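Residues per chain, in single letters:
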Amino acid sequence: MKQVLRMSTALILMIIFVIIGANADYALPDGSRFDAAFYAANNADVVTALGSDAATLADHYWNHGIQEGRLPYAGASDVSAASLIAGINVYRTNNGLPALVVDQTVQNEAQKRATEMAQSGTFSHTRPNGQPWQTAFGNNWDKMYSKLGEDLARGQSSSAKVISAWKKSPGHNEVLLKPGVTRIGAGVAKGNDGKFYYVITVVN
C-alpha cells in the first residue's frame, strides 16, 4: 500500500512539473521563443543562483533579464532599458545636446510606469489609477523636478525600433531632444497581451 502511495505521489508531481513547463512563458513579442539552453549558457551567474530549470530561467528573463540587457535567444535584439538610454544619448550628442545621466529614482519611476501599463493593458500618459504619469514619483513630484518628459512605446521588438519610431513623431522627438534636462530613466515590461511596453523619463 505504501509503495502504491509513493508511486501515486511521484506521478502527481511529474504531472505538476509537466503542467508548469507547458505553461512557462516562452513566447516573445517578435514571434520567437525563449531559448532556455542559450540563456543558461550565456548567463552563468543566473544559473549559479537559480539553477538551470527552463521555467525558472524564463521567469528570470521576464522579471530581470529584460532590464539587464540579457538576450533570450541567439541573435535576439536588445530591448533593455540600458540600450534605450544608450541609443537616446547617442542621438542627443549627435544633435549637440549633452548626454543624460542615469538616475536610480528616475529609473525606478520609469520601470514602475512600464510595469503598471503592461499589467493593466493601459497605454497612456494617464496612469491606470487615473492620476497623471508624474505621480509615479509620489505626490511631491512637482517639488522634485523643474522639467519632466515621458515617452511611451508598445509592441516594438527592439530598442532601436522604439527610438526610430520616437524620432519620427514630433512630440516624442521633442522629449528625446529636450533641452535643460540632465537625468534619465527607462523601463521595459512584457504585457499580458504579449507586447513589450517601453517608457523613458527625462528630468532636471
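Now for a description of the structure that goes with this document. Keep in mind it's a predicted model, so treat the numbers as computed, not measured. Here, residues in each chain are numbered from 1, in the same order as that chain's written sequence. The model is predicted, so local features are restricted to residues of pLDDT at least 70 and side-chain atom pairs to those at 80 or more, both for listing and for counting; the totals for chains, interfaces and linings are taken over all residues. Values reported for side chains reflect all heavy atoms of the structure, with hydrogen atoms and water molecules removed beforehand.

Points about the overall build of the protein
And step 1. Along the protein, the regular secondary structure elements total nine helices and four strands.
And step 2. Buried positions account for 41% of the 204 residues belonging to the protein.
And step 3. Within the protein, counting contacts between residues at least 6 apart in sequence, those at least 24 apart form 65% of the total.
And step 4. Working definition of accessibility: Shrake-Rupley area with a 1.4 Å probe, residue cover restricted to the visible protein chains. On the protein, roughly 10600 Å² of surface is accessible, and the fraction owed to carbon and sulfur atoms is 56%. Secondary structure is summarised from DSSP: a helix means a run of H or I of at least four residues, a strand means a run of E of at least two, and numbering begins at the N terminus for each. Relative accessibility under 20% of the residue-type maximum defines a buried residue, over 50% an exposed one, and the middle range a partly exposed one, all with a 1.4 Å probe and only protein chains included. The contact criterion used is simple: two residues touch if any of their non-hydrogen atoms lie within 4.5 Å.

Re the sheet that holds strand β2 (residues 148-154)
Paired through backbone hydrogen bonds, the strands of a sheet run either parallel or antiparallel to each other.
And step 1. What the four strands build is an open sheet, ordered β1-β3-β4-β2; its pairing is mixed. Edge positions in the sheet fall to β1 (101-102) and β2, since each of these pairs with one other strand and no more.
And step 2. Fitting a line to C-alpha atoms yields each axis, with helices limited to the stretch in contact; the angle taken between N-to-C directions then spans 0 to 180 degrees. Those strands touched by helix α6 (residues 104-120) are β1, β2, β3 (183-190) and β4 (196-203), and its axis lies near 25 degrees from that of β3.
And step 3. Where helix α8 (residues 159-168) meets the sheet, its contacts fall on β2 and β4, and the angle it forms with β2 comes to roughly 120 degrees. When DSSP finds two or more bridges between two strands, those strands count as paired.

Some points on empty space enclosed by the protein
And step 1. Only protein atoms enter the calculation, which uses a 1 Å grid: trapped sets of points that fit a 1.4 Å probe without letting it out are cavities, open sets showing protein on both sides within 12 Å along at least five of seven lines are pockets, and any residue with an atom within 4 Å of a point is a lining residue. Grid points are joined across faces, edges and corners, and a volume is the space filled by probe spheres set on the points. Summed over all chains, the structure comprises two cavities of 30 Å³ or more.
And step 2. Space inside the largest cavity adds up to approximately 70 Å³.
And step 3. Lining the largest cavity are Leu-28, Asp-30, Tyr-61, Pro-72, Tyr-73, Ala-76, Ser-77, Val-79, Ser-157 and Phe-196.
And step 4. Put simply, the second largest cavity is a space of about 30 Å³.
And step 5. Taken together, Tyr-61, Gly-65, Ile-66, Gly-69, Arg-70, Leu-71, Pro-72, Ser-77, Asp-78, Val-79 and Ser-80 form the lining of the second largest cavity.

A few points about the environment of Tyr-91
And step 1. Within the fold, Tyr-91 resides in helix α5 (residues 81-94).
And step 2. Judged by its relative accessible area of 15%, Tyr-91 falls in the buried class.
And step 3. Residues Tyr-91 and Leu-177, spaced 86 residues apart in sequence, show a C-alpha to C-alpha distance of 8.1 Å.
And step 4. Apart from the residues lying within four places of it in its own chain, the contact partners of Tyr-91 are Lys-167, Asn-173, Leu-176 and Leu-177.

Functional significance is not addressed by these values, which are geometric in nature.
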